[in-house]
Amino acid sequence: MGRCENCIIRQFNSLRAMSKEELKRVSDTKITKLVKKGETIFGEGDKLNGVFCVREGVSKLSKLSPNGKDQIVKLATQGAVLGQRSVITEEVANLSAIAVNDMEVCFVPKDAIMDSLNSNPNFAVEVLRHIAHDLKEADDVIVNMSQKTVKQRIAEAFIYLEENFGKDKNGYLALTLSREDIANVVGTATESAIRIISDFKKLGLIKASGKKVAIADRNGLNEVAKGS
C-alpha cells in the first residue's frame, strides 16, 4: 500500500499540515482496510482509537434519532478524515460511518494524531479549520430542515449527488443511494420520499432504472429546489 508522504489524498485534509517526519510516523503505523458496501466502519457510541482517512469510496455518516430512525448527516468522500472530533475530545463516536459503496480507508492510530496536535501548531490549526467547516455544514443542514419542504430537499439532494459525484456513462447518477437513504438524507419517512420521487418521474424531472436515477430536466429540478 502507498506511503502517506506520497499520498495525493492528504491534500484534501488536515494531514497536509504535517511535517515529513510526522507523515512518516503516520505511514509506519497506519493500517489500510478494505470495507465492503454496507459494512460499518464504526458505530455511534464506539470508542475510537484512531481516525479513518478515506482513500476510495463514499461513507454515510448518520445519527440514530430517539424514534429509531437514521438521519444521514453527511456523505464523506475521498480525503475525508472520519472520527477526528471523537479522538481529540476523547468522547465516544457521535455518528455511525457505513460504506455506501466499496471503500478503501487508512486507519491512523490516535497517538500519531495527538502527538502532532500537541507539537505542530500548523496541524492543530488545520484540524480546527476542518472541524469548524463541519460545524458550518451542520448549521446549514439545520436551516435546510426547518425552512425547506421535503420536496425541495429531495430535489436538492439529486442536484447535490450529480454535482459532487457525477454521472455514469449512461447519464445516471454515479452514486446510487437507496430510497431509504435519500429519505434519511432529507429527514423524512421512506414512504414520503418514494411518493415524491414518483411525482418527479411523472413530471419528467428525473428518470429511473431500478435504483439508479438520472436528472432529466435540470432547470425544472432547480425550480423545485428553489421552491418556485
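Residues numbered from 1 in each chain as written. Predicted model: local features only at pLDDT ≥ 70, side-chain atom pairs only at ≥ 80, totals over all residues. Heavy atoms only, no water.

Asks: Looking at this structure, I do not really get the pattern of salt bridges. What am I missing?
Replies: Oppositely charged side chains may form a pair once their charged atoms are brought near each other. As enumerated under the stated definition, the model contains 17 salt bridges in all. The salt bridge involving Arg55 is made with Glu104; its shortest N-O contact spans 2.9 Å. In this pair, Arg55 sits in strand S3 (residues 50-56) while Glu104 sits in strand S8 (residues 103-109), placing the two residues 49 residues apart along the sequence. With relative accessibility at 23%, the residue Arg55 sits in the partly exposed group. By relative accessible area, which is 14% here, Glu104 ends up buried. (Salt bridge = Lys/Arg side-chain N within 4 Å of Asp/Glu carboxyl O. Helix = DSSP H or I, 4+ residues; strand = E, 2+ residues; numbered from the N terminus. Buried < 20%, exposed > 50% of the residue type's maximum accessible area, 1.4 Å probe, protein only.)

Asks: Before we go on, may I ask you to explain the sheet that holds S3 in this structure?
Replies: Strand order in this open sheet of four strands is S1-S8-S3-S6, and the pairing throughout is antiparallel. What marks the edges here is a single partner per strand, and that holds for strand S1 (31-35) and strand S6 (81-82). Sheet topology note: the S1/S8 ladder contains five bridges and is antiparallel. The residue bridging Lys33 from the neighbouring strand is Val105, located in S8. The strands touched by helix H3 (residues 110-119) within the sheet are S3 and S8, with S8 carrying the most contacts at an inclination of about 60°. (Pairing = 2+ DSSP bridges. Contact = heavy atoms within 4.5 Å. Axes fitted to C-alpha atoms, helices over the stretch in contact; angles between N-to-C directions.)

Asks: I'm lost on the packing of aromatic side chains in this one. Help?
Replies: Each pair of aromatic rings is reported with the distance of its centres and the angle of its planes. The final tally for this structure, using the stated rule, is three aromatic pairs. Relative to Phe107, the ring of Phe52 has its centre 5.1 Å away and its plane inclined at 55°; by these criteria the two rings are tilted. With Phe52 in strand S3 and Phe107 in strand S8, this residue pair connects regions lying 55 residues apart in the sequence. You'll find Phe52 and Phe107 in the same group, each marked buried. A connected cluster of aromatic rings, assembled from ring pairs, spans Phe42, Phe52 and Phe107. Between the NZ or CZ atom of Lys207 and the centre of the ring of Tyr172, over which it lies, the distance is 5.6 Å. (Phe/Tyr/Trp six-rings, centres within 6.5 Å; stacked < 30°, edge-to-face > 60°. Lys NZ or Arg CZ within 6 Å of the ring centre and 35° of its normal.)

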